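Understanding the architecture of this molecule
The lines below spell out each chain.
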Amino acid sequence: MAKTGYGKRLAGDEDPHADPDFAHLSPRDREIAVFVDHLHEGHAMGYKAIAAEHPRYGQQACRTSLRRITLAGHLRWIKEHITVEDNSMRWVTRTYWSRTRRSAEWWAEFARELDGKDVTEDYQPGLARVEEAQAAQDIDVVDVEPEPDTAQQVLAELRAADSRMALSDTDCRSLASLAEEWLSRGATPDDITKALTGGLPPAVTNPGGLARSRLESKMPPKKSKAKVRQKAARRARVTRVIMACGLCDADERTTEIVSGLCRECLECVDEDEYTDGYVPETFLPGPRGSGGLPGADEVIDVTERVEALRRAAGLR
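Report follows, based on the coordinates.

Once that is clear, we can look at the nonpolar core. Of all hydrophobic cores here, the largest spans 22 residues; its most connected members are I78, I82, F110 and C245. Core analysis: the second largest hydrophobic core is formed by 20 residues, L39, A51, C62 and A244 among them.

With 13 residues, helix α3 (residues 59-71) should reach 18 Å at 1.5 Å per residue; the first-to-last C-alpha distance of 19 Å fits that figure. All buried positions along α3 are accounted for by A61, C62, T64, S65, L66, R67, R68, I69 and T70. Here the buried face of α3 lies against α1 (27-37), α2 (47-53), β2 (75-84), β3 (89-97) and β8 (261-262).

Turning next to the sheet that holds β3. Hydrogen bonds between backbone groups are what pair the strands of a sheet, and the pairing can be parallel or antiparallel. Judged by pairing direction, the sheet is mixed, and its 4 strands sit side by side in the order β1-β3-β2-β6 without closing on themselves. Across the chains shown, the open sheet's two edge strands, defined by having one partner strand only, are β1 (8-10) and β6 (236-244). Across the sheet, the axes of successive neighbouring strands diverge by a mean angle of 45 degrees, strand direction being ignored. Where β1 and β3 come together, 3 bridges link them in parallel fashion. Bridge pairing links R9 to Y96 in β3. Of the strands in this sheet, β2 and β3 are in contact with α3, which crosses β2 at around 80 degrees.

Quick look at helix α4 (residues 104-114) now. Three- or four-residue spacings in an α-helix give side chains the same orientation, since the helix completes a turn every 3.6 residues. Along α4, the residues classified as buried are W107, F110, A111 and L114. Summarising the axial view, the buried residues of α4 lie within an arc of 100 degrees, below the 170-degree limit, and thus occupy one face. Along α4, the residues that are exposed and aim more than 90 degrees away from the buried face are R112 and E113. On its buried face, α4 is in contact with β2, β3 and β6. Residue G116 follows α4 closely and has a positive phi angle near 90 degrees.

Calculation rules
- Residues numbered from 1 in each chain as written.
- Predicted model: local features only at pLDDT ≥ 70, side-chain atom pairs only at ≥ 80, totals over all residues.
- Heavy atoms only, no water.
- Core = buried A, V, L, I, M, F, W, Y, C linked by side-chain atoms within 4.5 Å.
- Buried < 20%, exposed > 50% of the residue type's maximum accessible area, 1.4 Å probe, protein only.
- Helix = DSSP H or I, 4+ residues; strand = E, 2+ residues; numbered from the N terminus.
- Expected span 1.5 Å × (residues − 1).
- Contact = heavy atoms within 4.5 Å.
- Pairing = 2+ DSSP bridges.
- Axes fitted to C-alpha atoms, helices over the stretch in contact; angles between N-to-C directions.
- Arc of directions from axis to C-beta.

This is the structure:
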């Protein structure tokens, strides 16, 4: 599973699973699409994570199939700019899945409707913004990463505040739960440092034992319910939405996104990649009765045209 609030998200209400759901895909892509479709919401969606659990296909096969599945209209990565009431802001990348095949226009409208959405339940206050672009295998991971284990870090850095409180790695690990309890009750890392280094005797022969004694005896009181309610009331809202490439994490701030891919990655999708004999078809939205675009009832068979182009190119 991905981190809470991230990973696979359903784009909307859909009918129950059915055999024809992915009939327009090649056999391999269809198998991987069915596999992804049955994953629980919140599951990590990077191709490495899927390959690690799929019984038949490896990383490259999953990556190529996710590319085709994206072009077919089932998958999109959307970056959402989150603004919190404390005026902190960050970008996160959400992965949206649709069993129903959707057009580029449908996804564009879906993204527009996310703007202004309340995402308080998904907001994690312990996250810090990271601008570094991520590799395609990590694209389902948000642009933000959790900070290092704060409790152990505070304990390890005591030696910098006062050399008499130089704790060993074993001390830090064994005392981490106490320090975490301090933090959960509203104490800051600085509060812990002051409590453990203030008023020390001239010589400290057992810094680990002294730290444990002070952490236990000076433990701050638990937060009042009023404070808990005040923190829970802090709202987080989407204030900007942009489409992101499903392969390289580029987004609309720097490039054009077409059918879930940037122009550069789209140009890399050539027939040489379709090693199982699959030729991508032109996208055809569903009929009006199934939620497709108006005027999309006509089905055009482009098979003969594709075969002619392949013969002209010497591919057959």
